[in-house]
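Listed below are the residues making up each chain.
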Amino acid sequence: MPSDPTGGNYDTDDLVDLENMKPPQLDYYAVLNLSKTASEDDIKDSYKRLSRIFHPDKHSDPALKQAAETKFHVINKAFEVLSNPQLRTAYDEYGEEGLNTKWEVGHRIKTPQELREEYARLAREKKEMELESLIRSKNDFTININATRVFNNQEALSPFGGTSYAKRSSGGFLSALKRTEIMQLYMKNSFETQFGPRTQLIVGGQMTARSGMGGGNVVGTIRHTFSEKLNVELGSSLLNPRIGVFKGTYSIDPLSFITGTAQVRNFQGPAPLVLTFGRRITKGATGYMTYRTGEWAIGSWGPVFERRRDFSSLALGMSSQDENRAYQVEVQTGIMQSHLSVDHTWTLDSSTKVRVGGNLSTTAGINASIGGDRKVTEHTKIGLAVEVGLSGGVAFNFKVKRLGQSVTVPIVLSAQFNPKLAFWAVVAPICAVTALDVAYVKPKRSRERAQKIQELRKAHAEFIAAQKKEAEEAIELLRESTMRKTRQEQEKDGLVIVEAVYGNLNAAPELGLVTDVTIAVQALVNNSQLTMPGGHSKVRF
C-alpha cells in the first residue's frame, strides 16, 4: 500500500472515520448503468444488453467464464430487485437492509408511495418493539465534602513564589486531610422502559443522609405522547411526604412551544405552577419566558404571605447550542430573589469542553465558576470545576460519568472568599490533568491508534485487492465486445473513447491512485452516445 502521507498523525476524529469506513454497498442502479428514475423498459433493455456481454456461455476461457458467472449473478440480482415494484420500493427506501427484512405490506396493487408509507410504519413499529424490551438505567451518587478545616492551618503564599502553601501546624498537610468530613450523601436511581407504543414508565428512588440522619422516597412517572404536538407526564412519590407532579408540553407550531408544571405537596393550598413559553429566534437560538407562581392562595385556601416558603418570579432567557459552543443567559426578577446568570461552553475538540459561568443574585451575591470535562475513554467522561463566591467561599467539583452512571464530589475548600485559594484551586487541577494527559492518556491513545490503523490498513488492503481483481476481470470480459463496438463506431464516424482515466490525477504516479478506464467507458457508449447516470458512484459501473 502507499505510504501514510500524514506520518501517522491521526487525531480522534480521523480514527473514528477510519473505523467507520466500510466497503460500499452494491448499487443495483450502478450495476445496470441506470438512473433511479429508470422506467421498466429501461431496466429490461439494460439487462439484455449486459447479459449479452457477461453471460458465461459467451466465454470459452475457463478463467473468464468463472469471472463472468460471478458478474452475471450480480446482474441477475440487480434485475430481480429493480424489476419488482415492491422490492424496488424497499430497496429505494432502506437499501439492501430493506431486502433482508420480511415486510408484510398488504396488497400488491398499492402504489409505490403507499408502499413507502407502509414500510415506514412497519419500520417504526419494529423499532418501538425493540425499545419496549430495553430498560435504560441512570444512577447519580453525590458526596458533599467539607475540607475547610484542611486549609485553616495553611498560610497561602504568593502563586508566583513557587509553592502553593506553607505549613503552620506541626501535623503537616497529611494530618490536615484527616480533618475533612462528609457533609451529605445523596443517591438517585431511575430506570425507564416503554409501557406502550407512546407511553414510557419511569421509576426512581432517592436517598439523602446528613450527619447520620436522612430519608428517601420512591417516585413513579408515566410519560405519554398524545401526538406530535402534545405530551404529558404524571408522577407521584409513593412514600411520605407525598408529592404529585403534572407536566405538559404543547408545540404551538414548529417554532413555538409552551410548557406547564404543577406540583402538589398537600391540599392546604393551590398547587405552585411553572409556565414556560419558548420560541426559536434564530437558527440555533431559542428565547423563553418562565413564570413561577410560588405558593399562593385563593381567598382563605392557601398559606398566608408570612408563612410562604416559595414566592413568585418571572424570568427571561435565551439559550443556544451548536457543535462548537453553547450558551445561556437568564434574567429573573422576583419578590424575594432576583438574579442575572450567564453560562458559556466551548467545544475544543471531540473529547474536551470548557465551561465558564457567572451569577449575580440579590441573595447569594456574586458567584463565578470555571470548569470542563474530557472524555478519557469511549464511554467515560471526567469533569472538573471550581466555584467561587464573594459570600459563599470556594468549592471544587469532581465528576465522573460512564454509561448513564455518574459520581459527583463537591468539596468545600473555604467558607469565605479566598483569592489565593481560588487561584490554586483552578491552576492545580489544570496542571494535574495536563500532566496526566501528556504522560499517560495521549501516549496510550497514540499506541491504540497505531495498532488500530495497522489493522484497518490490512483490512482495507485486502478489500482493495479484491476490488482491483474484480475490476481487471470485468475489463477482460468487456474487451472483445468493446473492441467490436469501437470498430462499429469508427466505421460510421461515431463516438470513440481514445483515453479515459479515473482517480487522483494530482497524485504521484508511483502511488497507483490513477487507473485506465478507457474500455469501461467505451462499453457505456450506445449509438454514439455515452450514458453515465448521476446519483451514485461511478466506481461501481
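## Focus: the overall build of the chain
Counting secondary structure elements, the chain contains eleven helices and 23 strands. Per-residue burial for the chain yields a buried fraction of 29% across its 541 residues. Partitioning the contacts of the chain with sequence separation of at least 6, the portion at a separation of at least 24 is 41%. Entry remark: accessible area of the chain is about 34900 Å², with carbon and sulfur atoms responsible for 57%.

## Structural notes on helix 3 (residues 40-54)
Between its first and last C-alpha, helix 3 extends 21 Å over 15 residues, near the 21 Å set by a 1.5 Å rise per residue. By the burial criterion, the buried members of helix 3 are I43, S46, Y47, L50, S51, I53 and F54. Viewed end-on, helix 3 has its buried residues packed into an arc of 155 degrees, placing them on one side of the element. Exposed positions of helix 3 whose direction lies more than 90 degrees from the buried face are D41, K48 and R52.

## Remarks on the pairing of strand 6 (residues 213-225)
In this structure, strand 5 (residues 199-210) lies alongside strand 6, joined through twelve bridges in antiparallel fashion. Among the inter-strand pairings, T208 is bridged to a residue of strand 6, identified as G215. The sheet contact formed by strand 6 and strand 7 (residues 230-237) spans seven bridges and is antiparallel. For T221, the partnering residue across the bridge sits in strand 7 and is G235.

## A closer look at the packing of helix 3 against helix 4 (residues 62-82)
At their nearest, the axes of helix 3 and helix 4 sit 10 Å apart, and the two run at 170 degrees to each other. With respect to their mutual orientation, helix 3 and helix 4 come out roughly antiparallel. Only A68, K71, F72, I75, N76, F79 and L82 of helix 4 make contact with helix 3, whose side of the interface consists of I43, K44, Y47, L50, S51 and F54. Taken together, the residues of the contact of helix 3 with helix 4 sort by class into nine nonpolar, two polar and two charged.

## Looking at the packing of aromatic side chains
In this description, an aromatic ring pair is defined by two values, namely the gap between the centres and the angle between the planes. For the structure on display, the rule yields five aromatic pairs. Note on Y29 and Y91: the rings are 6.2 Å apart at their centroids and 35 degrees apart in plane angle, and the pair reads as tilted. One end of the pair, Y29, is in helix 2 (residues 28-31); the other, Y91, is in helix 5 (residues 85-94), with 62 residues separating them in the sequence. No difference in accessibility class separates Y29 from Y91, as the two residues are buried. Through successive ring pairs, a cluster of aromatic residues spans Y28, Y29 and Y91.

## Remarks on the nonpolar core
Of all hydrophobic cores here, the largest spans 23 residues; its most connected members are L32, F54, I75 and L82. For this core, the secondary-structure elements that each account for two or more residues are helix 2, helix 3, helix 4 and helix 10 (419-491). At seven residues, helix 4 tops the list of elements feeding residues into this core. Look past the residues within four positions of L82 in its chain and what remains in contact with it is Y28, Y29, L32, I43, R88 and Y91. One finds V386, V388, V394 and A425 within the second-largest nonpolar core, a separate group that totals eleven residues.

## Structural notes on helix 4
Taking 1.5 Å per residue as the helical rise, helix 4 with its 21 residues ought to reach 30 Å, and the 30 Å between its terminal C-alpha atoms agrees with that figure. The complete set of buried residues in helix 4 reads A67, A68, F72, I75, A78, V81 and L82.

## Here we look at a positive patch on the surface
Positive charge collects at one region of the surface, where K138, K188, K353, K375, K381, K399 and K401 lie side by side. Mapped onto the secondary structure, K381 falls in strand 17 (residues 380-389). With a relative accessible area of 33%, K381 lands in the partly exposed category.

## Some thoughts on unusual backbone geometry
With an omega of 0 degrees, the peptide bond running from N240 to P241 counts as cis. Relative to the helices and strands, P241 resides in the loop between strand 7 and strand 8 (244-253). The phi torsion at N527 lies on the positive side, around 55 degrees, for a residue other than glycine. As for its placement among the helices and strands, N527 is situated in the loop between strand 22 (525-526) and strand 23 (529-530).

## Here we look at the confidence of the model for the chain
In this model, the chain carries a mean pLDDT of 80, and residues with pLDDT of at least 70 account for 80%. Ignoring residues within four places in sequence, the model shows residues 102-110, a span with pLDDT below 50, making 18 contacts including any to other chains. The low-confidence segment residues 154-169 (pLDDT under 50) makes 28 contacts with residues lying over four places distant or belonging to another chain.

## Re the environment of R308
Mapped onto the secondary structure, R308 falls in the loop between strand 11 (285-292) and strand 12 (313-321). Linking R308 and A297, residues eleven residues apart in sequence, is a C-alpha distance of 10.0 Å. Look past the residues within four positions of R308 in its chain and what remains in contact with it is E295, W296, A297 and P303.

## Structural notes on the pattern of salt bridges
Counted under the stated rule, the structure contains seven salt bridges. The salt bridge partner of K65 is D57, with a shortest N-O separation of 3.9 Å. The shortest N-O distance in the salt bridge between E476 and R479 comes to 3.0 Å. Residue E476 and its partner R479 are located together in helix 10, separated by three residues, close to a single helical turn.

## Section: the side chain of E489
Its place among the elements puts E489 in helix 10. Within the structure, the side chain of E489 is placed 2.9 Å from the backbone nitrogen of L495, a separation counted as a polar contact. If we skip the residues at most four places from it in the chain, E489 touches G494, L495, V496, Q522, V525, N527 and S528.

## A closer look at a nonpolar patch on the surface
A surface patch of nonpolar side chains, about 940 Å² in accessible area, is lined by F226, L230, Y250, I252, I258, L275, F277, M289, Y291, L314 and L316. Looking at the nonpolar patch, the elements with two or more residues in it are strand 8, strand 10 (273-280), strand 11 and strand 12. One can find L316 in strand 12.

Rules used throughout
- Residues numbered from 1 in each chain as written.
- Predicted model: local features only at pLDDT ≥ 70, side-chain atom pairs only at ≥ 80, totals over all residues.
- Heavy atoms only, no water.
- Helix = DSSP H or I, 4+ residues; strand = E, 2+ residues; numbered from the N terminus.
- Buried < 20%, exposed > 50% of the residue type's maximum accessible area, 1.4 Å probe, protein only.
- Contact = heavy atoms within 4.5 Å.
- Areas by Shrake-Rupley, 256 points an atom, 1.4 Å probe, with all protein chains shown as cover.
- Expected span 1.5 Å × (residues − 1).
- Arc of directions from axis to C-beta.
- Pairing = 2+ DSSP bridges.
- Axes fitted to C-alpha atoms, helices over the stretch in contact; angles between N-to-C directions.
- Parallel < 35°, antiparallel > 145°, perpendicular 65-115°, else oblique.
- Nonpolar A, V, L, I, M, F, W, Y, C, P; charged D, E, K, R; others polar.
- Phe/Tyr/Trp six-rings, centres within 6.5 Å; stacked < 30°, edge-to-face > 60°.
- Core = buried A, V, L, I, M, F, W, Y, C linked by side-chain atoms within 4.5 Å.
- Patch = residues over 30% accessible without salt bridge, like charges linked within 9 Å, V, L, I, M, F, W, Y side chains within 5 Å.
- Salt bridge = Lys/Arg side-chain N within 4 Å of Asp/Glu carboxyl O.
- Lys, Arg positive; Asp, Glu negative; His and termini not counted.
- Charge placed at Lys NZ, Arg CZ, Asp CG, Glu CD.
- pLDDT = per-residue confidence, 0-100.
- Polar contact = N/O pair within 3.5 Å; in protein donor to acceptor, adjacent residues only side chain to side chain.

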